Each structure stands twice: as structure tokens, then as C-alpha cells.
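# Understanding the architecture of this molecule
Each chain, letter by letter, is given below.
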Amino acid sequence: MSQTILLRERPPGARQLLMNGIFGENPVFRLALSLCPAVAVTTTVANGIMLGVAVLLVQVLSSVTVALTRKAIHPRVRIPVYTIIIAVWVSAIDMVLAGFFPSLYAQVGLYVKLIVAFAIIISRLEVFASRMPLIPTFWDGLGMGLGFLFALIVIGVFRELLGSGAILGYAVVPEKPLLFFALPAGGFFSIGLLMAFFNVIERWRNGGKASAGGGGGHGHG
Amino acid sequence: MSDVKPTVVPAAPSGELWRIVASMTATCAIGAAILGAIYIGTERYAEESRVRGERRAVSELLGLDEGARVLEVRQFLTPARDAVVYQRPAEVGAPGRELVFALDGTMLRDGALAGTPEEADAIREFHSLGRLFIAMREGVPAGFVAEGESRGYKNRIRFFVAMSADWKIAGVRVVEHEEDPGLGAEIATSWFQGQYVGRKLAAVPRLDVTRDPMPEDWRGALRARPGTAAGDWASRFGTLASREAEKPIYAVTGATISSRALTDGVRATILHFRRRWELIGPRLLEPGTREATK
């Protein structure tokens, strides 16, 4: 998807960029980026939602910042500069949450700090935000953030249901059906199974053509 | 993706180096300035909400009103690890108090604390042993909360243990942990922590963990327990609670290590506190303190 998007003369539209983030280049299921935190937090749906929303915020804010300042960033040190931009936003959100939303912070504080090292965020800055004007960059950041949030919810539902027999903490079945899926190894199995499923969806969206994960050029992290 | 070219940068002319340095330095300086400003703006609120959260946890554990008087005592180990220091910080209108004991229990010092910055500096190198909160009602202790730490599955678990004035466990509250969500993190739920409530001091040395499944009636009773005041819970489930009071703690399924870590920590914290209280209690509550409560 992104090949065609980036080579086009005019920047793509909002709808296309949003769909690209959620399906075509879904960070977890298609690009296979940031799998480690995706496995770590998705033992329950609620945890997945919290991390997903935090990533969504940081992705949009960092992408927009880079799009606005890209002319001023020296190309040789762009990666360290992106890292600092992400770190500033993450720390700012962390401090504001700790100061003004203590009960929310008690639940999400642990995850917010992790986001500095998220491969998906820095990869979108390098691949998209550093080459595109503000408006498309905003939609790309929003799409990627929503795609990550969507992926974490799907994995969370899958694992919480099978591992703990519950959805959002409400027991659906009395016992834990397959505790294995709540454990880290089970997380990778869940993602693998769901990734296969999303490959099928992507093939159907492309009219029967198989396509490799869209993120081949990003490096995996 | 191979047809998207990475940003190609030609080899740097030697004169370009300073611009790279300047660019990085400027970025870091701007970032630091933004974060510094946000820190100054939010630090006070973060500290306030942390203190408020702890106060609320203490009064909930002991079933106190929000306004109840709570003495806070800080405990430290000296850097040489040869003496334990207890400090009751100075408050408005009442000087603080400092008690120092050697490890064998002999008292080395009993003095006042004025609350000066020098005193705060002097204690900075000391190793914190957690805090004690003593709830006062009409000049006598109405309950105690001791802060404890234990090594969990991944990182330390910090918790509060509350004891009623008649030395029964009034509650356990995990305030900081990094156990796995869905597994070890279950030790921070009220139904797991409810298992400790009501156990007598005499039974605490035998407090242990079992991997046996929790009986269904007891599980239902623990889940029905309200978060703070017990209400009619005791009348509905009192017999069940007394049946379980002498039994081990039922471990969270798949998280025996975390369950054991908290239970071992709770046991050690209570037994330590009981021993310390005999040393420090009478002195901390001497007339000077009682006048200050009026």
C-alpha cells in the first residue's frame, strides 16, 4: 500500500490513510512492529485499550511535530531528533497524567513510559511524517494509532476469553479455559493466528492477490 | 517498500559538523526546556495526589473518617547498618520526635525534630525501611498501617498492612507492583487481599500459601466484600470467614510466586512491626503527642 501512496503526486486522502493504518499497514498484524509490548499487555482487553489509546496520542502528536519541523531537522541526525521528540511527548503525557489524573495514572503509568521505544512510532516519523505535509501526516498518525489500538483490542479479546474466560473482567465462562493464552508464549501464538487471519482479509481486499506484509522496508522491532 | 528510497545524505563536508552539533544541541535544549516547564507546573499536583492517595488508602484500610488524625512515622536504617531511626515529622504547632535504637533494642537517642532543611539533608543517605501510620482516637491508637516491601515475580511489591487496635489484620493493600496483568497482578485485587482480613496476630507466624483451589463459597464471599466498610458482609459471611481464618492463603491460579511473595511480605512486616511497636510505641505517644492531638 504505502509504496503507491508515497509515489503519488498528490498526498492521499484522509479515508485512505485511515484504512491503510487499520488494515493495509496495520502496525501489528501487517508490519509486525512493536510486537513485544503488544504481547506484554494484551492479557486483558482493558490493558490493551489503555496502551492503545496512549500510543494513538503519542503517534499523532509526534507525527504532527515532525511534519511541522521537518525543514529544520538536520537529515544526518534525524533519527536521534525523532527519538527526542517522542521522548518529550511521552514524558509530558506522563507528568500531566501523574499530576492531574492520579487514578488513571495508577493504571496506565507503567505503559506510558514504555512508548518511547516503540518501533511503530519512529518508523512512521521516518517513512511518512518526514516527507509529507501536515494534514496527511495527521491522518497517517491517526490511522496508525487506531490500527494499533484495534490490533490490541482484537488480541486482548482473543487472549482474555481463552486465557481467563472473561471479557473486560466480566466472567463469560466459569473457569480459565486455556491458561496458556494468558502467558507470554501464548501471546505470540495468538498474534500469529490473528496475523494469518488478517492476511486472508487483506487478500480479499486486494481482490484475491496475495501480498507480503507491507512493512518489508521498515526493519522489524 | 524497496522502491521508497531512504533519505540519502551525501558525505558531510568538514564544515558541516558544527551545524550537526548545533542542531542536536538545540533540539535537546528545547526538549529539556519544555519538559522542565511541565515538571515545574505538575510536580506539586503529582506529589499532592500521591500523598492524598496514601492517606485515603490508610483511612480506608482502618475504616476511618477522612478527617481522622493519623501520625506518620518514618523508619530508616543508618548507612553503617548499625542503628534504626524513627522519625515523627514536625507539624504546625508540634515539634517532631526522633528515636534511635541499636539493633539489639537499646535506645541511643530520644530527641526533638524541628523540621529544618538540615535535618532532611542528614537523613538523605539513610536506607528507608518504610513508614508507619498510627491512627489516633481520643489519645489512644485506633489502628496501625505499616508499609512493607517484598520481592515479587518481576520487581518489588510495595504494600500497606493494616492492623486494628486489638491486633487483627484489618486489611492489605498493594500500592505498587509490576506483576503480570491477568496473572500475578491479581494479588492487587480486593478479593485476593480480602483473604488476609480478620486473621489474629497469633496466627500470623503460620501464615502460608496453598495451591489448593479456593472453595467456591469462599470465592463468592470474597467477591461480594465491599471495598471499604464491611457493612452487612460480616453477618452474611462471618461463619465462612472464621472457617477460613486459620487456613492458608489460596494462591492466584498460575501465580503462586506472586501470591507467596505478598504473603511472606505481609507476615514479615506484621511481625517486625509488632516487635518495633513495643520499643517505640510508648515513647511516640508520650504526653507531648497527646497534647498536640487536642
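In this report, we go over the structure that sits alongside the text. Along each chain, residue indices are assigned from 1 in the same order as the chain's sequence is written. Labels follow written order: the first chain is A, the first ligand is 1, and so on. It should be noted that, the model being predicted, local features are given only for residues of pLDDT at least 70 and side-chain atom pairs only at 80 or more, the latter also being counted only at that level, while totals for whole chains, interfaces and linings use all residues.

Within chain A, the regular secondary structure consists of nine helices and two strands. Numbering goes from the N terminus for both helices and strands, where a helix is a DSSP run of H or I of at least four residues and a strand is a run of E of at least two. When the helices and strands of chain A are listed from N to C terminus, the series reads α-α-α-α-α-α-α-α-β-β-α. C-beta atoms are first placed from the backbone for all residues, and any pair lying within 7 Å is then listed as a contact. The contacts in chain A between residues at least 6 apart in sequence include a share of 74% that link residues at least 24 apart.

Residue and element names in this part refer to chain B. We call two strands paired when DSSP finds no fewer than two bridges between them. Examined bridge by bridge, strand E7 (residues 156-164) and strand E8 (residues 169-176) share six bridges and lie antiparallel to one another. Directly across from Met163, in E8, lies its bridge partner Ile169. As consecutive antiparallel partners, E7 and E8 are separated by four residues, and within that stretch Trp167 has a phi angle of approximately 60°, a positive value.

Take the sheet that holds strand E4 (residues 107-113) of chain B next. Residues and elements named next belong to chain B. Pairing within the open sheet is antiparallel, and its eight strands lie in the order E4-E3-E2-E1-E5-E6-E7-E8. Of all the strands in the sheet, just E4 and E8 have a single pairing partner and so form its edges. Here the strands of the sheet are splayed against their neighbours by 20° on average, with no regard to which way each runs. Pairing geometry for strand E3 (residues 96-102) and E4, over six bridges, is antiparallel. Considered in E4, the bridge of Phe101 is made with Met107. Axes, fitted as lines to C-alpha atoms, cover a helix only where it is in contact. Angles between the N-to-C directions of the axes lie from 0 to 180 degrees. Packed on one face of the sheet, helix H1 (residues 17-62) meets strand E1 (69-77), strand E5 (127-137), strand E6 (140-151), E7 and E8 and runs near 155° to E8. Contacting E1, strand E2 (83-88), E3, E4, E5, E6, E7 and E8, helix H6 (residues 256-284) runs over the sheet at an angle of about 140° to E6.

Okay, the packing of helix H4 (residues 216-224) of chain B against helix H5 (residues 233-244) of chain B next. Residues and elements named next belong to chain B. Interaxial distance between H4 and H5 falls to 10 Å at its minimum, and their mutual angle equals 135°. Taken together, the axes of H4 and H5 lie oblique to each other. Handedness of the crossing formed by H4 with H5: left-handed. Residue-level contacts link Asp217, Trp218, Ala221 and Ala224 of H4 to Trp233, Phe237, Leu240 and Glu244 of H5. When residues are sorted by character, Ala, Val, Leu, Ile, Met, Phe, Trp, Tyr, Cys and Pro go into the nonpolar class, Asp, Glu, Lys and Arg into the charged class, and all the rest, Gly among them, into the polar class. Taken together, the residues that form the contact of H4 with H5 break down as six nonpolar, no polar and two charged. The labels follow the angle: roughly parallel below 35 degrees, roughly antiparallel above 145, roughly perpendicular from 65 to 115, and oblique for the rest. Take the far helix as your reference; a near helix turned counterclockwise from it by less than a right angle gives a left-handed crossing, and one turned clockwise gives a right-handed crossing.

For the rest of this paragraph, the subject is the packing of helix H5 (residues 78-100) of chain A against helix H7 (residues 119-129) of chain A. All names here are of chain A. Across the interface, H5 lies against H7 with an axial gap of 10 Å and an inter-helix angle of 130°. Judged on the interaxial angle alone, H7 and H5 are oblique. As for the relative orientation of H5 and H7, their crossing is right-handed in sense. Facing H5, whose interface residues are Tyr82, Thr83 and Ile86, H7 presents Ile121, Ile122, Leu125 and Glu126.

Time to look at the pairing of E1 of chain B. The side chains of a regular strand alternate, first on one face of the sheet and then on the other. Residues and elements named next belong to chain B. Relative to E5, E1 runs antiparallel, the two being bridged by eight bridges. The partner of Arg69 across the bridge, within E5, is Met136. A loop of five residues connects E1 with E2, the two strands running antiparallel in sequence, and Arg81 in this loop sits at a positive phi of about 55°.

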